[in-house]
Amino acid sequence: MEPTPDTRTDDGLAAPRNAADGNDAAGAVGRGHRADTEAPAPASSAEDAALDALGALADPVRRALYRYVAAASEPIGRAEAAEAVGVGRTLAAHHLDRLVDAGFLDTEFARPAGRGGPGAGRPAKVYRRAAGETAVAVPPRAYDTAGTVLAAALERLRADATVAAVARDEGRAVGQAFRGAADDPRGRLLAALTAQGYEPYADPAAGLDALRLRNCPFHRLADEFPPLVCGMNLALLDGLADGADATAWHARMDAAPGRCCVTLARTEPPAADDDADGTDGTRSVDGAADAADSGI
């Protein structure tokens, strides 16, 4: 029997024709009937934008540039960024501008330190991490909404002390996983803080025995509920240090714009009567309300 030429379905796709009975193999699909599976619903524009933005970090050079700029305490110029990741200035400029387009970096113009006045030349373009954040979940999730509802409820119940006690227990449990991460307490603490997204760094202004935190993992909630969330964060980090067997390190409120409201410092353990409520070893969260005025 001679093969029968392909026919076309209504949507333009080729479908083999059954030579024996003359029916389309595509069947009902070719005649406009419902297929076995529905076409996927179109993605939201917000989801598409987040996926596109995250795709901008797929390039390893671009990702290295982002990490270098994000970790810097001051805006970074193109030449410095290029040298740091080992690429040419032109290529670095291309990738840095792509990161700006994706919303990961912001730009400003500034003259190099020590240069000013006539003859100093035009200000150079420099880059810093953007204040916004990009998150995507597939399929979509709304954990931020749940966090906002729960935080509002706890604040209404005036449950700050309970939240701090639970946070301290959680921090201790997290910290225990890092007891083997390093031989020294500071190393264990650094490993634990890094894994939790705090981006710890040593700031000479805070002293040699202090660690400041460039990122607040709870930034959105801390903006909306500063006393509750900053107090939770303080207790969480104090528990984390305890769990990591870095018991000489203690969390304290140290709110300032552009970083987490908590600093960890190596100090003597507080006296027993300094506890918040005299139970469970929970430390005071007094001062968390000050974060509301710090601009974090």
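Residues numbered from 1 in each chain as written. Predicted model: local features only at pLDDT ≥ 70, side-chain atom pairs only at ≥ 80, totals over all residues. Heavy atoms only, no water.

Looking at this structure, I do not really get the overall build of the chain. What am I missing?
The number of helices and strands found in the chain is 9 helices and 9 strands. The buried share of the chain, taken over its 296 residues, is 32%. In the chain, the proportion of contacts linking residues at least 24 apart, taken out of those at least 6 apart, comes to 55%. Accessible surface computed for the chain: about 17500 Å², of which carbon and sulfur atoms make up 52%. (Helix = DSSP H or I, 4+ residues; strand = E, 2+ residues; numbered from the N terminus. Buried < 20%, exposed > 50% of the residue type's maximum accessible area, 1.4 Å probe, protein only. Contact = heavy atoms within 4.5 Å. Areas by Shrake-Rupley, 256 points an atom, 1.4 Å probe, with all protein chains shown as cover.)

Is there a simple way to explain the environment of Pro226 in this structure?
On the secondary structure map, Pro226 appears in helix H9 (residues 226–243). Sequence separation of Pro226 and Cys261 is 35 residues, and the distance between their C-alpha atoms is 9.6 Å.

What's the story with the packing of aromatic side chains in this structure? I'm lost.
For any pair of aromatic rings, the description consists of the separation of the ring centres together with the inter-plane angle of the planes. Counted according to the given criterion, the structure contains 1 aromatic pair. With 5.7 Å between their ring centres and 65 degrees between their planes, Tyr66 and Phe104 make a pair best called edge-to-face. A residue pair is termed long-range when its members are at least 10 positions apart, and Tyr66 in helix H2 (residues 60–71) and Phe104 in the loop between helix H4 (89–101) and strand E4 (105–110) qualify at 38 residues. Taking relative accessible area as the criterion, Tyr66 reaches 18% and is therefore assigned buried. Sitting over the ring of Tyr201, Arg214 keeps its end group 4.2 Å from the ring centre. (Phe/Tyr/Trp six-rings, centres within 6.5 Å; stacked < 30°, edge-to-face > 60°. Lys NZ or Arg CZ within 6 Å of the ring centre and 35° of its normal.)

How do you make sense of helix H6 (residues 160–176) when you look at a structure like this?
One full turn of an α-helix is made of 3.6 residues, so residues set three or four places apart face in the same direction. The terminal C-alpha atoms of H6, which comprises 17 residues, lie 24 Å apart, in line with the 24 Å expected from a rise of 1.5 Å per residue. Taken together, the buried positions of H6 are Val163, Ala164, Ala165, Ala167, Arg168, Gly171, Val174 and Gly175. (Expected span 1.5 Å × (residues − 1).)

What should I look at first to understand the side chain of Arg78 in this one?
Along the polypeptide, Arg78 turns up in helix H3 (residues 78–85). A relative accessible area of 19% places Arg78 in the buried class. Arg78 has contacts with Arg89, Ala92, Ala93, Leu96, Asp97, Lys125 and Tyr127, leaving out every residue within four places of it along the chain.

Even after reading the chapter, I still don't get the packing of H2 against H4, so can you show me in this structure?
How two helices sit against one another is set out by the angle between their axes and by the gap between those axes. Two elements in contact, H2 and H4, have axes separated by 9 Å at closest approach and are oriented at 75 degrees. As far as their axial angle goes, H4 and H2 are roughly perpendicular. Residue-level inspection shows Val61, Arg62, Leu65, Tyr66 and Val69 of H2 in contact with H4, the latter providing Ala92, His94, His95, Leu96, Arg98 and Leu99. A breakdown of the residues in the contact of H2 with H4 according to their chemical character gives 7 nonpolar, 2 polar and 2 charged. (Axes fitted to C-alpha atoms, helices over the stretch in contact; angles between N-to-C directions. Parallel < 35°, antiparallel > 145°, perpendicular 65-115°, else oblique. Nonpolar A, V, L, I, M, F, W, Y, C, P; charged D, E, K, R; others polar.)

How should H3 be read in this particular structure?
Residues Arg78, Ala81 and Ala82 constitute the buried set of H3. The buried residues of H3 occupy one face: seen down the axis, they fall within an arc of 100 degrees. Considering only its buried residues, H3 is in contact with H2, strand E3 (76–77), H4 and strand E5 (124–129). Looking one or two residues beyond H3, the residue adopting positive phi is Gly86, at roughly 80 degrees. (Arc of directions from axis to C-beta.)

Just checking my understanding: could you explain the sheet that holds E3 for this structure?
As a general point, the strands of a sheet are linked pairwise by backbone hydrogen bonds and lie either parallel or antiparallel. The strand order E3-E5-E4 describes an open sheet built from 3 strands, whose pairing is antiparallel. The sheet is open, and its two borders are formed by E3 and E4, each paired with just one other strand. Across 2 bridges, the pairing between E3 and E5 is antiparallel. Within E5, the position partnered with Ile76 by the bridge is Tyr127. Across the sheet, H4 lies against E4 and E5, angled at about 50 degrees from E5, the strand it touches most. (Pairing = 2+ DSSP bridges.)

It is not clear to me how the pattern of salt bridges should be interpreted in this structure. Could you clarify?
Side-chain pairs of opposite charge can arise where the charged atoms are in close proximity. Under the defined criterion, the tally for this structure stands at 16 salt bridges. Across the salt bridge formed by Asp144 and Arg220, the nearest N and O atoms sit 2.7 Å from each other. Of this pair, Asp144 sits in helix H5 (residues 143–156) while Arg220 sits in helix H8 (residues 219–224), and the two are 76 residues apart along the sequence. Given a relative accessible area of 47%, Asp144 falls into the partly exposed group. Given the relative accessible area of 45%, Arg220 is considered partly exposed. Here Arg172 ties to Asp242 by a salt bridge, and the two come within 3.0 Å at their closest N and O atoms. Of the two residues, Arg172 sits in helix H6 while Asp242 sits in helix H9, which places them 70 residues apart along the sequence. Assessed through its relative accessible area of 24%, Asp242 is described here as partly exposed. Salt bridges linked by common partners bring Asp203, Arg212, Arg252, Asp254 and Arg259 together as one network. (Salt bridge = Lys/Arg side-chain N within 4 Å of Asp/Glu carboxyl O.)

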